[in-house]
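Working through the structure, step by step
Residue strings, one per chain:
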Amino acid sequence: MYTLTVCDNSSLLNTILFIKNIINIIFIVVPIILALLFSIDLAKNVFSKDDNDSQKNLRLGIKRIIYSLILLLVPTIIEAFMNMIDDYSKVADCYTIATEAKVQDLKEKEDVEYEKMKKEQQEKREEQKKIVEEEQKQQKKEVKAAEKKAIKDSKNTTASASTIDGNFPNKYIQAKKIAEAAGGGSNCSDGHKTNCPLGDQTGKEVRFSNWRKGWDYILRPDDPVKANKAASCMEAAVKNNNIGYGQQGFSHWHNLWDLLKARKDWDPSTVTKKTSVSCCPLVAVCLKYAGYSPSKSLNCQPPASHMKNGVEQAGKFSVVNSRNLTNIRRGDILISYHHMAMAV
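Below, the structure is looked at part by part.

1. Considering the nonpolar core
Residues Val 311, Ile 333 and Met 340 are the most contacted members of the largest nonpolar core, which totals 46 residues. Broken down by secondary-structure element, the contributors of at least two residues to this core are strand 1 (178–181), helix 5 (224–239), strand 4 (243–245), helix 6 (255–263), helix 7 (279–290), helix 8 (304–312), strand 7 (333–335) and strand 8 (340–343). Those residues in contact with Ile 333 that lie beyond four places of it in its chain are Tyr 217, Ile 218, Leu 219, Val 283, Leu 287, Val 311, Phe 317, Met 340, Ala 341 and Met 342. Core analysis: the second largest hydrophobic core is formed by 9 residues, Ile 178, Trp 215, Val 320 and Leu 334 among them.

Spelled out as structure tokens, the structure:
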């Protein structure tokens, strides 16, 4: 590799060359000017008839001689200054070799060196880019492998025999109670904790409840078989204490949906792994089990009409009079401003 020394810097050498040229001009031009001026003063003194003028011209001539002598001492002064510099020998060498040809040669070498450095930097950047791309590819492979393993583990470790009775009558049946995921006094039901233990901690997080008024909408599935199937699914979820409550808005509020989706089995009675779910995703799981096509959240945000639209997008449902509780049937979906449940 080409290595720079003190005299191999084109900018420095060019500056030294400029100073060198100025000094050369001074040594050539100034003595000539002083000699001409002295000759003129001498001629004036010879032809002058006035003694005062003669003396004046003589003094001026003497001054010019002194200036010439001082000029002759300039190299000595410069050398004395150079001696004060620690690296004088190198500076002196630079002064000696400072020529137009040398400056141009250095510029060419520096250009070659600069281009070589740019090329090396570009090669390093490309090499680093390849390393990053390879790392990203490897990370993607590892993520996919982890996902496949998680799905496989889920299938192997979180399923047991179904406890749901496969007899689903082809008629609407009078409902007796409500099935819902509502917290039930759990420390994780207030929305302030995001890393709560999974599963039903109190036995009441996913529960049966007595009838109560205050529903904004009641939607009935168009098919009585699907209605009874969805109700049986809700009953199975309530009875499985591996399924607890997960506060809406946090990462675990639809864990049950994600777990069953990975297994491609929407039966909550077969879940043996601790998990959690919020009110709307639980209804979504059972609608999926019944054969509908819901989203996992069912638009679970106020107002109630927004949640109603989420249910209706899953399939065909009819609106039931919410004030006449004697008309409630198994599988009816109950919607209020901030909650969703199912009649069973």
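2. Considering the pairing of strand 8
Alternating positions in strand 8 separate into two faces, Met 340 and Met 342 on one and Ala 341 and Ala 343 on the other, with burial throughout. Here strand 7 runs beside strand 8; their pairing, made up of 3 bridges, is antiparallel. Looking at the pairing, Ile 333 lines up with Met 342 of strand 8.

3. A look at the side chain of Lys 308
With respect to the element layout, Lys 308 can be found in helix 8. Residue classification places Lys 308 among the buried positions, given a relative accessible area of 15%. With near-sequence residues (within four places) excluded, Lys 308 lies in contact with Tyr 217, Leu 219, Val 319 and Ile 335.

The rules behind the values
- Residues numbered from 1 in each chain as written.
- Predicted model: local features only at pLDDT ≥ 70, side-chain atom pairs only at ≥ 80, totals over all residues.
- Heavy atoms only, no water.
- Core = buried A, V, L, I, M, F, W, Y, C linked by side-chain atoms within 4.5 Å.
- Buried < 20%, exposed > 50% of the residue type's maximum accessible area, 1.4 Å probe, protein only.
- Helix = DSSP H or I, 4+ residues; strand = E, 2+ residues; numbered from the N terminus.
- Contact = heavy atoms within 4.5 Å.
- Pairing = 2+ DSSP bridges.

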